[in-house]
Amino acid sequence: MVELRGVRHRYEGRLVLDLEHFAVPAGAMIAVVGHNGAGKSTLLRLLALLEAPTEGSVVWDGVPVARRKRPALRRRVTLVEQRPVLLRGTVLENIGFGLRVRGISGAAAYKRTAEVAEQLGLLSLLERRRTELSDGEVQRVAVARALAVQPDVLLLDEPVSSADRAAAGAMYRALATERRARPLAICIASHQLEDAYRWADDIRALADGRLSPVTPENLFRVELAAAGTDTMSARVGAIDILVTTDRAGPAVLAVPPGDIFVSREPLSSSARNVLKGRVTRVAAHRGGGVAVTADVGVELIAVVTADATRELALARRRRTDRDRHRRGVPRTGARARRPGGVLFQSQRRAGVLTMPTAYLTRIVEFTATHRFPPGPEFGAAAHAHSHRYACHVTVRGPFDPATSGVMSAKALGALLEKEIVQPLDGRDINDDIAAFADGKWLTTGEGLAVYLWERIKGQIPKGVTLYAIRVQEGPHLYSEYRGES
């Protein structure tokens, strides 16, 4: 249905996505997994036709998408971002917004709104406003709003990142119901590998903008120190993993699950990475075999055969009432026996994938007073409001001493203290900040985010990109601005 062909996408000359071919067929359920900064969100924005690739083409139903065709095709694809923004009004009004824009109102609009609200467990929230919702509820409302307009392609960026397990399950079941009713294609960007295996038909891993040649398990962001040899030790959580590479600096470390031996006792072998841990989960692997997850200081996944699982006594066996009766245990229901400790031994050293890219975020806080102008949107009279703002600023770059793109957390913090905290803390924004004094800019969260972007972008070092500014006004109320610095 929708494809990317020969796509190379750049921000400020930096390659962030490099895909020869990426297709989302009609009716597919695809999960895209990867570390922070892998390119998942950028991929979704290209598929949603919100950005045009620097090189290559977006193809819809076999035809390259021309610029003049984009507005019409955007009505067939919907993107729900990780931190969606709800409109003013109730949950009911938010879910029905897209229907009203498409000229659907009255009983037909209410019926469709109620259907998706019920699927996602939102019926009891229909009269609530956005400030009365948790982050997880905001995500569900945004997904319901997207489903209500019945797009051909639905793109979801970390849709359950703020949801509990029950809410996440309800969301995935609603998506499955929608797919059974019509040929809806879904592409989800997610960190939840377990959910991806459970709900998706096709799982693809991104590593620094490229499709990874290995399965998505056991991918770690690491910092490699130049060692003068092709073998070095990489720190991953609380453990060290031996790596074969001539790279240095930020990198993605891959430990293929099929290259790991699982044993109860040390094996006589040339394996250099031998890690002791405890099995935490045993489950069928979508690609065949059994996935054994162990805590070895970090969570690692090995894929072994079913026979090996039985020989190692790794499978969780449910105790029957007969077993309990023999041991004198009261018959109070089944209980799983927990697998014991194991050794994970890698058949070969870990490998390193693709190019280094990293993100750096700092948060600063300030208290300021502002007021809105009188009018129908803000009320008949202007009232002063004092807020404790939390400002999240994210920059992106290689952060590699061999390049010009270097910015430390300390340097970014000092810049934000100078350009955000000192000018704004304890001030009346309307009276003390010239940009807002003449009413040209509204003192909303959105206005502040754009103002701060313009103020900071010229002071970011060459080679580093200002990626996002988020102004948080309360637990569930924030505004975010992204652009190109």
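Worth saying up front: this structure is predicted, and the values here are computed from it rather than measured. (Residues numbered from 1 in each chain as written. Predicted model: local features only at pLDDT ≥ 70, side-chain atom pairs only at ≥ 80, totals over all residues. Heavy atoms only, no water.)

### Considering the overall build of the chain
Secondary structure assignment for the chain yields 14 helices and 25 strands. In the chain, which comprises 485 residues, the share counted as buried stands at 49%. Contacts in the chain between residues at least 24 apart in sequence constitute 68% of all its contacts with a sequence separation of at least 6. For the chain, the accessible area works out to roughly 23,200 Å², and carbon and sulfur atoms hold 50% of it. (Helix = DSSP H or I, 4+ residues; strand = E, 2+ residues; numbered from the N terminus. Buried < 20%, exposed > 50% of the residue type's maximum accessible area, 1.4 Å probe, protein only. Contact = heavy atoms within 4.5 Å. Areas by Shrake-Rupley, 256 points an atom, 1.4 Å probe, with all protein chains shown as cover.)

### Quick look at the pairing of strand E6 (residues 77-80)
Burial along E6 is two-sided: Val77 and Leu79 and Thr78 and Val80, pointing in opposite directions, are all buried. Bridging between E6 and strand E7 (residues 153-157) involves four bridges; their strand directions are parallel. Across the sheet, Val80 pairs through a bridge with Leu156, a residue of E7. (Pairing = 2+ DSSP bridges.)

### Re helix H1 (residues 40-47)
Summarising burial for H1: six of the eight residues are buried, a large majority. Those residues of H1 that fall on the buried side of the exposure criterion are Lys40, Thr42, Leu43, Leu44, Leu46 and Leu47. Just downstream of H1, Leu49 is the residue with a positive phi angle, here 65 degrees.

### Topic: helix H5 (residues 106-119)
For H5, which comprises 14 residues, the first-to-last C-alpha distance of 20 Å matches the rise-based estimate of 20 Å (1.5 Å per residue) to within 8%. In the segment just after H5, Gly121 is the residue with positive phi, at about 65 degrees. (Expected span 1.5 Å × (residues − 1).)

### Quick notes on the sheet that holds strand E9 (residues 202-207)
Pairing within the open sheet is mixed, and its six strands lie in the order E6-E7-E8-E3-E9-E10. Each edge of the sheet is formed by a strand with only one pairing partner; in this case those strands are E6 and strand E10 (210-211). With four bridges joining them, strand E3 (residues 29-33) and E9 adopt parallel strand pairing. Bridged to Val33 within E9 is Ala205. Relative to strand E8 (residues 185-190), helix H7 (residues 165-181) is tilted by about 160 degrees, and along the sheet it contacts E3, E7 and E8. (Axes fitted to C-alpha atoms, helices over the stretch in contact; angles between N-to-C directions.)

### What about the nonpolar core?
Among the nonpolar cores identified, the biggest contains 43 residues, and Ile95, Leu154 and Leu175 are the most heavily contacted of them. Among the elements that line this core, the one with the most residues is helix H6 (residues 135-148), at eight residues. In terms of nonpolar packing, the next biggest core, distinct from the first, is built from 29 residues, Val24, Leu46, Ala48 and Trp60 among them. (Core = buried A, V, L, I, M, F, W, Y, C linked by side-chain atoms within 4.5 Å.)

### Comments concerning the side chain of Thr78
With respect to the element layout, Thr78 can be found in strand E6. We classify Thr78 as buried; its relative accessible area is 16%. With sequence-adjacent residues up to four places away left out, Thr78 is seen in contact with Ala146, Val149, Pro151, Val153, Leu154 and Leu155.

### With respect to the environment of Glu81
When you line up the elements, Glu81 lands in the loop between E6 and helix H3 (91-95). On the basis of relative accessibility, which here comes to 38%, the residue Glu81 falls in the partly exposed class. Considering only alpha carbons, one finds Glu81 and Pro159, 78 residues apart in sequence, at a separation of 7.6 Å. When near neighbours in sequence (up to four residues on either side) are disregarded, Glu81 contacts Arg45 and Asp157.

### Quick look at the packing of aromatic side chains
Evaluation of the coordinates by the stated rule reveals one aromatic pair. Judged by centre distance (5.0 Å) and plane angle (20 degrees), the rings of Phe366 and Tyr389 are stacked. Remark: Tyr389 occurs in strand E22 (residues 384-397) and Phe366 occurs in strand E21 (residues 358-371); sequence separation between them is 23 residues. Judged by relative accessible area, which is 1%, Phe366 ranks as buried. Judged by relative accessible area, Tyr389 falls into the buried class, the value being 1%. Lying across the ring of Phe22, Arg204 places its NZ or CZ 4.5 Å from the centre. (Phe/Tyr/Trp six-rings, centres within 6.5 Å; stacked < 30°, edge-to-face > 60°. Lys NZ or Arg CZ within 6 Å of the ring centre and 35° of its normal.)

### Considerations on the sheet that holds strand E1 (residues 2-11)
Strand order in this open sheet of four strands is E2-E1-E4-E5, and the pairing throughout is antiparallel. If you trace the sheet from one side to the other, it starts and ends with strand E2 (14-24) and strand E5 (63-64), each paired once. Pairing between strand E4 (residues 55-60) and E5: two bridges, direction antiparallel. Bridged to Val59 within E5 is Pro64.

### A look at the confidence of the model for the chain
Residue-level pLDDT values for the chain average 78, and 77% of them are 70 or greater. Averaged pLDDT values for the elements of the chain fall to 41 in helix H10 (residues 321-327) and rise to 94 in E7. Segment residues 317-339 is flagged for pLDDT under 50; beyond a separation of four residues in sequence, or across chains, it makes 31 contacts in the model. When the criterion is pLDDT under 50, residues 352-357 qualifies, and its contacts beyond four places in sequence or with other chains add up to 34 contacts. (pLDDT = per-residue confidence, 0-100.)

### What to know about the pattern of salt bridges
What the rule picks out here adds up to 20 salt bridges. Between Arg182 and Glu178 there is a salt bridge, with the nearest N and O atoms lying 3.0 Å from each other. You'll find Arg182 and Glu178 in the same group, each marked buried. Between Arg281 and Glu299 there is a salt bridge, with the nearest N and O atoms lying 3.9 Å from each other. On the criterion of sequence distance, the pair formed by Arg281 in strand E16 (residues 274-284) and Glu299 in strand E18 (residues 299-304) is long-range, its members being 18 residues apart. In this structure Arg281 comes out as partly exposed when scored by relative accessible area, which is 28%. Sharing partners across several salt bridges, the network here consists of Arg8, Asp18, Glu20 and Arg210. (Salt bridge = Lys/Arg side-chain N within 4 Å of Asp/Glu carboxyl O.)

### Some details on the environment of Thr113
The residue Thr113 is located in helix H5 in this model. The buried category is assigned to Thr113, whose relative accessible area is 3%. Along the sequence, Thr113 and Leu126 sit 13 residues apart, while their C-alpha atoms lie 9.7 Å from each other. Those residues in contact with Thr113 that lie beyond four places of it in its chain are Leu92, Ile95, Gly96 and Leu99. From its side chain, Thr113 meets the backbone oxygen of Ala109 in a polar contact 2.8 Å long. (Polar contact = N/O pair within 3.5 Å; in protein donor to acceptor, adjacent residues only side chain to side chain.)

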